[in-house]
Amino acid sequence: MKRIRLFAGIEGGGTKTILSIIDEYGNVLIESSGGPSNPWQFSNEDGFKIVAKNITQMVNDAIEKVSNRSLIGKEIYKLESLTCCLSGTGSKIARERLTQEIHNIHVDYKVFVTNDSMATVFSAFENGGMVLISGTGSYCVLVNPLEKEFKSIDEIELYSSGGWGSILGDEGSAFWITVQLIKYIINIDDNIVKPDDLNEYNELKELILEYFKIKSLREILPYFYENKQSDKIAAMTEKLAKIASLGQNKTLLDLFYKAGYELAIRIVSLIPNYGDDVKNEIEIVCTGSVFKSWALLKPGFIRGLKTQSVVTKFCLVKIDGNSSIGACILSSKLCSFRIDINLNKHTSKLDIIVI
């Protein structure tokens, strides 16, 4: 009996994990979701062991469900590989550590680990491209065109800007936006700066106190230092965006302008890595919750892009749905197996910027 090859892919980060499994014909057999899978955010435990256990359990459960649906029998399917595209695994040390933890569980398929942006790259591009992520964190990555088959993550020519986490970076992310506002209000309270608009300051301070359910700004410290709640902090940006979209709050409008600028200069920093292949027009996939507020980001974004003059046209597209399908495609490529799949149905236009 000819067994049907399966390829599993995971897209995961600080909030949730999405698993998809496709067969060798490009059919999506199952999609499931779980909790966070950034191994560094489990501060009091070994996050790599936890993530490895959770991921393998997700895969086992999904394979069992797929197999139980088969009218031919459970043995018809063979999972060839699993590719985990996760935040927090950008370094080789982190990739190797998580890969080893998964192997310690004695799985019978190939395992590849890389950063979360790679799932987005291969959801939109057949052969590499640029992705800008801005969700809880922020990150920009360029995968130059792949000219030959590859069998390991290390063979992929990848350049990145950002992705340093909330302490060292993540400029333009949802977490960053909220923190910049909180720091601004704190500086006013500490008499370091004067508010441009006293009513606006009072409204924003009250919004922070209400959102975190505290009575004074000092009470916000546990959210950052005792039991850091990155997701909750980042989620406040959605509320800020709703207020900013009314067009009256200058503090928030300026904040989203700065966020747009910070994201754009990550793109600019990677343009030289295109080398001789750089054109005056490039396509960029923009993904993450912050891009839901694109209208607020756009003015600062354009200003950031104008800090260079090599590229004059930027075609911005967004992923429709999650990017775990890209992780599946990468999984098949790493096994030297090409799956014929229409990537256009996974993207749509966000904007076109000409400078």
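Residues numbered from 1 in each chain as written. Predicted model: local features only at pLDDT ≥ 70, side-chain atom pairs only at ≥ 80, totals over all residues. Heavy atoms only, no water.

**Quick word on the pattern of salt bridges**
With the rule as written, the count across this model stands at seven salt bridges. In this structure, Glu101 engages Lys49 in a salt bridge whose closest nitrogen and oxygen atoms are separated by 3.4 Å. One end of the pair, Glu101, is in helix 2 (residues 92-103); the other, Lys49, is in helix 1 (residues 47-69), and 52 residues separate them in sequence. Under the relative-accessibility criterion, Glu101 is labelled buried at 13%. Between Lys250 and Asp254 there is a salt bridge; the shortest N-O distance is 2.7 Å. Here Asp254 and Lys250 lie together in helix 9 (residues 250-270), a separation of four residues that amounts to about one turn. When its relative accessible area of 31% is taken as the criterion, Asp254 is described as partly exposed. The network of salt bridges with shared partners includes Glu171, Glu262 and Arg266. (Salt bridge = Lys/Arg side-chain N within 4 Å of Asp/Glu carboxyl O. Helix = DSSP H or I, 4+ residues; strand = E, 2+ residues; numbered from the N terminus. Buried < 20%, exposed > 50% of the residue type's maximum accessible area, 1.4 Å probe, protein only.)

**Brief notes about the packing of aromatic side chains**
Tallying each qualifying case throughout the model produces eight aromatic pairs. Ring centres of Trp294 and Phe301 lie 5.0 Å apart, and the angle between their planes is 75°; this geometry places the pair in the edge-to-face category. The pair formed by Trp294 and Phe301 is uniform in burial state, with each residue classed as buried. Every member of this aromatic cluster is reached through a ring pair, and the members are Phe175, Phe224 and Tyr225. For the cation-ring pair, Lys232 lies above Tyr211, with the distance from its terminal atom to the ring centre recorded as 4.4 Å. Seen from the ring of Tyr261, Arg303 lies directly overhead, with NZ or CZ sitting 4.4 Å from the centre. (Phe/Tyr/Trp six-rings, centres within 6.5 Å; stacked < 30°, edge-to-face > 60°. Lys NZ or Arg CZ within 6 Å of the ring centre and 35° of its normal.)

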